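So the chains spell out like this:
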Amino acid sequence: MYKLIAFVSILLFSDIVVAQELNCSVTVISPRISGSDKKIFTTLQQSIFEFMNTTKWTNDKFKPEEKIECSIQIEVTERVSTDEFKANIQITSRRPVYKADYYSPILNVKDNNFDFRYVEFQTLEFDINGRPTNLIAMLAYYAYLAIGMDYDSFSPLAGGPYFQKMQTIVANMQNASESGWRSFETNQRNRYWISENINNPVYRPIRNMYYTYHRKGLDVMQENLNDGLIQISESIETLKKVHVLKPISPFMQLVFDAKADELVNILSGAPGDLKSQAKLTLDEINPSNSGKYDRIAQ
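> Help me get a handle on the pattern of salt bridges, residues and values and all.
For the structure shown, the criterion picks out 18 salt bridges. Residues Glu120 and Lys39 are paired through a salt bridge, measuring 2.7 Å at the closest nitrogen-oxygen approach. Of this pair, Glu120 sits in the loop between β4 (103-117) and α3 (134-154) while Lys39 sits in helix α2 (residues 39-54), placing them 81 residues apart in sequence. On the basis of relative accessible area, Lys39 is assigned to the partly exposed category, the value being 49%. Of the charged contacts in the structure, one is a salt bridge between Asp219 and Arg95, with a shortest N-O distance of 3.0 Å.

Laid out in structure tokens, this is it:
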């Protein structure tokens, strides 16, 4: 009887494990905080790790090898009180490229407006319909952003449901005392505007670009390098539509924060005509990285 119970428990636990979507590493550092009592940051790191990796973010089931690879680094810059902190947070994610020993960066975003409260050993739980603390809201927001971007890279506009959840979190945080959640704040790249852009049909070509770039471009390059390069080049051209209408776009910048270096590496090996056209387009729509794009033509 004991063996039967143990076997059933293993099956149930295995189902829970494969059901989770994220394989997220978490690092909490505090180089600016003086004093020796920093155990709370170790506890915080473990709490966030468990929260990100055990929360059920979607209705899909993932095998261990299908989990979305992501990482979170939190730098605590000030301890305001026993349980109140100021920090910044950086979130990155990546996806595997088909038949290649290579992971393509999907997301690389840093948020400097991260004020939160944390009581040591508290359990972190998330309810999409509730009013979460700023700590939980931030983590859930960026979890859905990573998931949505990953889904969009595999299937056209598949990340929509998760971007809508981001918007729900933003709506629930409108009365929060912490910054980053509202349209009228001076930072036009805050969480409100990223969510607004991603859910706005005007910016849909950016989301379609993510599918073409990854699924029709990178994923076919091992079997047909030229076809993959053509698709990547064409995907970049589609971004002109957005740039003409909205030359300043937090969503567009989010894409290039993750992709600029990869674009240089890939396009540097493209045929001359693709290389020159891609560089012209990138200089036009992402001038802040034009210095990097100069390396494409070298």
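Further notes follow.
> For unusual backbone geometry, give the residues involved together with the corresponding values.
Most peptide bonds take the trans form, and the phi angle of most residues other than glycine is negative. Even without a glycine there, the phi angle at Phe121 is positive, about 75°. Positionally, Phe121 belongs in the loop between β4 and α3. Since its relative accessible area comes to 60%, Phe121 is described here as exposed. Positive phi is not limited to glycine here, since Leu157 has a value of about 60°.

> Let's hear about the packing of helix α6 (residues 204-217) against helix α8 (residues 250-267): which residues, and what values?
The N-to-C vectors of α6 and α8 enclose an angle of 25°; their axes lie 12 Å apart at closest approach. On the basis of the axis angle, α6 is roughly parallel to α8. For the pair α6 and α8, the crossing hand works out as left-handed. In contact with Ile206, Arg207, Tyr210, Tyr213 and His214 of α6, α8 contributes Phe251, Met252, Val255, Ala258, Lys259, Glu262, Leu263 and Ile266. For the contact of α6 with α8, the residue count by class is nine nonpolar, one polar and three charged.

> Would you mind going over the packing of aromatic side chains in detail, with residue names and values included?
In this description, a pair of aromatic rings is defined by centroid distance and the angle of the planes. A full pass over the atoms with the stated rule returns 12 aromatic pairs. An angle of 85° between the planes, with centres 5.7 Å apart, marks the rings of Tyr141 and Trp181 as edge-to-face. Of this pair, Tyr141 sits in helix α3 while Trp181 sits in the loop between α4 (160-172) and α5 (191-199), and the two are 40 residues apart along the sequence. Trp181 carries the same exposure label as Tyr141, and that label is buried. The structure contains a cluster of three or more aromatic residues connected by ring pairs, namely Phe41, Phe85, Phe114 and Phe116. The aromatic ring of Phe154 is capped on one face by Arg95, whose charged end is 3.9 Å from the ring centroid. The ring of Trp181 carries Arg191 above its face, with NZ or CZ at 4.5 Å from the centroid.

> I'd love a proper account of the nonpolar core, names of residues and values included.
Met52 and Trp57 are the most contacted members of the largest nonpolar core, which totals 86 residues. No other element matches the 15 residues that α3 contributes to this core. In this structure Met52 touches Leu22, Cys24, Trp57, Ile72, Leu139 and Ala143, once residues within four positions along its chain are discounted.

> Explain helix α9 (residues 272-285) to me, using residue names and the numbers behind them.
Taking 1.5 Å per residue, 14 residues should reach 20 Å; α9 reaches 20 Å between its end C-alpha atoms and fits that length. Within α9, the full set of buried residues consists of Leu274, Lys275, Ala278, Lys279, Thr281, Leu282 and Ile285. The elements touched by buried residues of α9 are α7 (225-245), α8 and α10 (290-293).

> Describe the environment of Lys38, listing the residues and the values that go with them.
The topology assignment puts Lys38 in the loop between β1 (22-29) and α2. Residue classification places Lys38 among the partly exposed positions, given a relative accessible area of 28%. Sequence separation between Lys38 and Ser153 is 115 residues, and the spatial gap between their C-alpha atoms is 39 Å. In this structure, Lys38 is in contact with Ser30 and Ile33, ignoring residues within four places of it in sequence. Within the structure, the side chain of Lys38 is placed 2.8 Å from the backbone oxygen of Ser30, a separation counted as a polar contact. A polar side-chain atom of Lys38 sits 2.9 Å from the main-chain carbonyl oxygen of Ile33.

How each quantity is defined
Residues numbered from 1 in each chain as written. Predicted model: local features only at pLDDT ≥ 70, side-chain atom pairs only at ≥ 80, totals over all residues. Heavy atoms only, no water. Salt bridge = Lys/Arg side-chain N within 4 Å of Asp/Glu carboxyl O. Helix = DSSP H or I, 4+ residues; strand = E, 2+ residues; numbered from the N terminus. Buried < 20%, exposed > 50% of the residue type's maximum accessible area, 1.4 Å probe, protein only. Axes fitted to C-alpha atoms, helices over the stretch in contact; angles between N-to-C directions. Parallel < 35°, antiparallel > 145°, perpendicular 65-115°, else oblique. Left-handed = near helix turned anticlockwise from the far one by under 90°. Contact = heavy atoms within 4.5 Å. Nonpolar A, V, L, I, M, F, W, Y, C, P; charged D, E, K, R; others polar. Phe/Tyr/Trp six-rings, centres within 6.5 Å; stacked < 30°, edge-to-face > 60°. Lys NZ or Arg CZ within 6 Å of the ring centre and 35° of its normal. Core = buried A, V, L, I, M, F, W, Y, C linked by side-chain atoms within 4.5 Å. Expected span 1.5 Å × (residues − 1). Polar contact = N/O pair within 3.5 Å; in protein donor to acceptor, adjacent residues only side chain to side chain.

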